[in-house]
Amino acid sequence: MASDLIQTYTDENFDGNVLKSATPVLVDFWAEWCAPCRALAPAIDALAQDYQGKVAVGKLNVDDNPNTTVRFMVRGIPAVLLFKGGQMVDQIVGLVDKGTLKRMVDKHL
Amino acid sequence: MTRNVVIIGSGPAGLTAALYAARANLKPLVFEGLEAGGQLMLTTAVENYPGFQDGIMGPDLMAAMRVQAEKFGAELQRIDVTRVDLGRRPFVVATENGDEEARAIVIATGASAKLLGLPSERTLMGHGVSTCATCDGFFFRGKPIAVVGGGDSALEEATFLTRFATHVTVIHRRDALRASKIMQDKAFANPKISFEWDTVVTDIKDPAQGVVSSVHVRNVKTGVEKDLAVDGVFVAIGHTPNTALFKGQLDMDAGGYLTTHDGSKTNLPGVFACGDVQDHVYRQAVTAAGSGCMAAIDAERYLESQGH
């Protein structure tokens with residue numbers, strides 16, 4: 001398990017830890033009650049491992065962090081948003097495989 | 001190692017096939033797929049699966065089926081199949097982890113939600129357009145939304161969404177619903193649900209803003225067009241079978257469903273199909289499970305006839 005590599009993002013730390021991050025950041029918007037989110041979790045864990053040191057990978061719980069969820073207009077989960085230099089540069093909504101996530105990340109490295 | 005049976009898919013059909021094949025000592029390998037558990041993973045209470053008099057949550061039912069199949073020796077892998085080669089024996093089933101050889105294959109890949117096909121629908125997917133009420137209903141607390149469709153899943157979604165939404169408008173292209181009587185009664189009795197009959201969605205706004213602000217609809221009988229102000233659109237207009245892997249290798253009908261004969265047999269000996277991938281008529285958890293049982297028994301008899 002790579003779960004210790006997974007950051008926890010919140011409304012409070014989002015600006016500091018995501019928008020001001022020196023490396024690109026992949027944020028998985030999720031919730032406890034979302035079955036496809038649970039199915040996506042292993043792919044997110046694998047990505048955190050594969051991109052260690054190059055891309056920060058973390059999760060944001062949409063139940064607990066409504067401000068960030070609304071700010072990026074997330075209205076469907078799982079939603080994986082990629083941030084680079086303080087901007088959202090790409091996103092994928094819905095359950096996808098690891099390869100699809102990797103292709104999105106690689107486009108922006 | 002050549003496997004006796006590889007099962008592709010893990011909804012009620014795939015897991016029942018796995019249970020029966022495992023109990024027949026065939027040591028089945030199940031590729032569960034990314035969307036393991038199938039469509040029931042996206043539902044709430046299932047009230048028509050026999051044996052559960054108080055209903056059971058879809059994900060709980062699938063978790064129980066999975067445990068039961070594993071208990072008898074089925075091997076399950078949560079991975080998508082990327083390619084199948086049915087033109088050689090043993091058959092080949094490929095995933096990103098490599099190839100598996102199989103003497104028999106049970107196809108239980110199910111069906112996925114159909115979309116309207118509007119460009120704005122693509123752009124706004126996840127930003128107000130959804131095919132999963134249980135996943136995304138939460139985002140529409142205190143907001144008006146629309147559900148497109150007139151079958152059981154449309155009315156189930158509409159009823160579920162009234163927990164969050166101020167109002168749910170069901171947009172249906174005909175003047176009568178396909179849904180079962182009990183679902184219709186529930187929806188008609190719900191004060192938060194209203195209907196737009198004989199109506200189709202022609203556009204979803206506003207892609208430029210990146211969120212849904214309204215749907216543009218047209219009455220197919222009167223030709224009258226109008227905008228309905230909604231924050232969300234849930235599309236429940238039916239399903240399309242997951243048969244892309246088998247194009248050109250197995251017989252399908254015009255809708256892309258696998259065609260079966262004499263139980264679960266496809267046109268290729270040793271390849272069996274069960275569940276929604278071959279059924280656009282009943283599409284129930286219990287019929288899928290029943291056909292999964294048939295496929296496992298058919299596979300077992302086939303292997304026996306081949307001397308395995």
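Above this text is the structure in question.
A brief report on the enclosed structure follows. Because the structure is predicted, anything quoted here is derived from the model rather than measured.

A word on the pairing of strand β15 (residues 214-219) of chain B. Residue and element names in this part refer to chain B. Bridge count for strand β14 (residues 199-205) against β15 is six bridges, and the pairing is antiparallel. Note that in β15 the partner of D203 across the bridge is H216. Where β15 lies against strand β16 (residues 225-229), five bridges are found, and the strand directions are antiparallel. Bridge pairing in β16 links H216 to D227. A loop of five residues connects β15 with β16, the two strands running antiparallel in sequence, and G223 in this loop sits at a positive phi of about 80°.

So, about the sheet that holds strand β5 (residues 87-93) of chain A. Residues and elements named next belong to chain A. A sheet is described by the order of its strands in space; here five strands give the open sequence β1-β3-β2-β4-β5, paired in mixed fashion. The open sheet terminates on both sides in strands that have one partner only, identified here as β1 (7-9) and β5. Direction aside, neighbouring strands of the sheet carry axes that sit 30° apart on average. In terms of strand pairing, strand β4 (residues 79-84) meets β5 through six bridges, oriented antiparallel. Bridge pairing in β5 places K84 opposite Q87. Across the sheet, helix α4 (residues 98-107) lies against β2 (25-30), β4 and β5, angled at about 165° from β5, the strand it touches most.

Another point: the sheet that holds strand β17 (residues 232-235) of chain B. All names here are of chain B. The five strands are arranged β10-β17-β11-β12-β13 in an open sheet whose pairing can be described as parallel. Every other strand in the sheet has two partners, leaving β10 (129-130) and β13 (193-196) as the edge strands with one partner each. The strands touched by helix α5 (residues 152-161) within the sheet are β11 (144-148), β12 (167-171), β13 and β17, with β11 carrying the most contacts at an inclination of about 170°.

Of the residues lining the interface, 20 residues belong to chain B; the matching set on chain A comes to 15 residues. For the side of chain B that touches chain A, the per-class residue count stands at 10 nonpolar, six polar and four charged.

Successive residues of a regular strand alternate their side chains across the two faces of the sheet. All names here are of chain A. With respect to burial, strand β3 (residues 56-61) is a largely interior element, five of its six residues being buried. Strand direction decides the pairing type here: β1 and β3, joined by three bridges, are parallel. Residue pairing across strands places Y9 opposite L60, the latter belonging to β3. Across six bridges, the pairing between β2 and β3 is parallel. Within β3, the position partnered with L26 by the bridge is V57. Each parallel crossover has a hand, and the one from β2 via helix α2 (residues 35-50) to β3 is right-handed.

All names here are of chain A. With their axes 9 Å apart at the nearest point, α2 and α4 run at an angle of 45° to one another. Looking at the two axes, α2 sits oblique to α4. For the pair α2 and α4, the sense of crossing is right-handed. Listed contacts from α4 to A43, A46 and L47 of α2 are K98, L101 and K102. Grouping the constituent residues of the contact of α2 with α4 by class yields four nonpolar, no polar and two charged.

Time to look at the nonpolar core. Residues and elements named next belong to chain B. Membership of the largest hydrophobic core comes to 119 residues, with the highest contact counts inside it found for A17, V106 and V233. For this core, the element with the highest residue contribution is helix α1 (residues 12-23), accounting for eight residues. Both domains that furnish three or more residues to this core are identified here as domain 1 (2-112 + 239-305) and domain 2 (115-235). Among residues more than four places away in sequence, those in contact with V233 are G128, V129, I145, A146, V148, I204, V212 and V215.

All names here are of chain B. Taking 1.5 Å per residue, 21 residues should reach 30 Å; helix α7 (residues 285-305) reaches 30 Å between its end C-alpha atoms and fits that length. Those residues of α7 that fall on the buried side of the exposure criterion are A285, A288, A289, S291, G292, M294, A295, A296, D298, A299 and E300. Downstream of α7 by one or two residues, G307 has phi in the positive range, about 85°.

So, on to unusual backbone geometry. Of note, the amide linkage connecting A:I77 to A:P78 takes the cis form, showing an omega dihedral of 0°. In this fold, A:P78 is placed in the loop between α3 (66-71) and β4. Residue B:P90 is bonded to the preceding B:R89 through a cis peptide linkage, with omega at -15°. By the secondary structure assignment, B:P90 is in the loop between β6 (81-85) and β7 (91-95). With a phi close to 70°, B:N25 is a non-glycine residue in the positive phi region. Structurally, B:N25 is set in the loop between α1 and β2 (29-31). The phi dihedral of B:D262 falls on the positive side, at around 45°, and the residue is not glycine. Relative to the helices and strands, B:D262 resides in the loop between β18 (239-241) and β19 (271-273).

We now examine α5(B). All names here are of chain B. Among the 10 residues of α5, eight are classified as buried, and the element is accordingly described as predominantly covered. Of all the positions in α5, only S153, A154, L155, E156, E157, A158, T159 and L161 are classed as buried. Contacts made by the buried residues of α5 are with α4 (133-136), β11, β12, α6 (181-189), β13 and β17.

Rules used in this analysis
- Residues numbered from 1 in each chain as written.
- Chains lettered and ligands numbered in written order.
- Predicted model: local features only at pLDDT ≥ 70, side-chain atom pairs only at ≥ 80, totals over all residues.
- Pairing = 2+ DSSP bridges.
- Helix = DSSP H or I, 4+ residues; strand = E, 2+ residues; numbered from the N terminus.
- Axes fitted to C-alpha atoms, helices over the stretch in contact; angles between N-to-C directions.
- Contact = placed C-beta atoms within 7 Å.
- Nonpolar A, V, L, I, M, F, W, Y, C, P; charged D, E, K, R; others polar.
- Buried ≥ 20, exposed ≤ 12 C-beta atoms within 10 Å, placed from the backbone.
- Right-handed = clockwise from strand over helix to strand, strands pointing away.
- Parallel < 35°, antiparallel > 145°, perpendicular 65-115°, else oblique.
- Left-handed = near helix turned anticlockwise from the far one by under 90°.
- Core = buried A, V, L, I, M, F, W, Y, C linked by C-beta atoms within 7 Å.
- Domains from an automatic or database assignment.
- Expected span 1.5 Å × (residues − 1).

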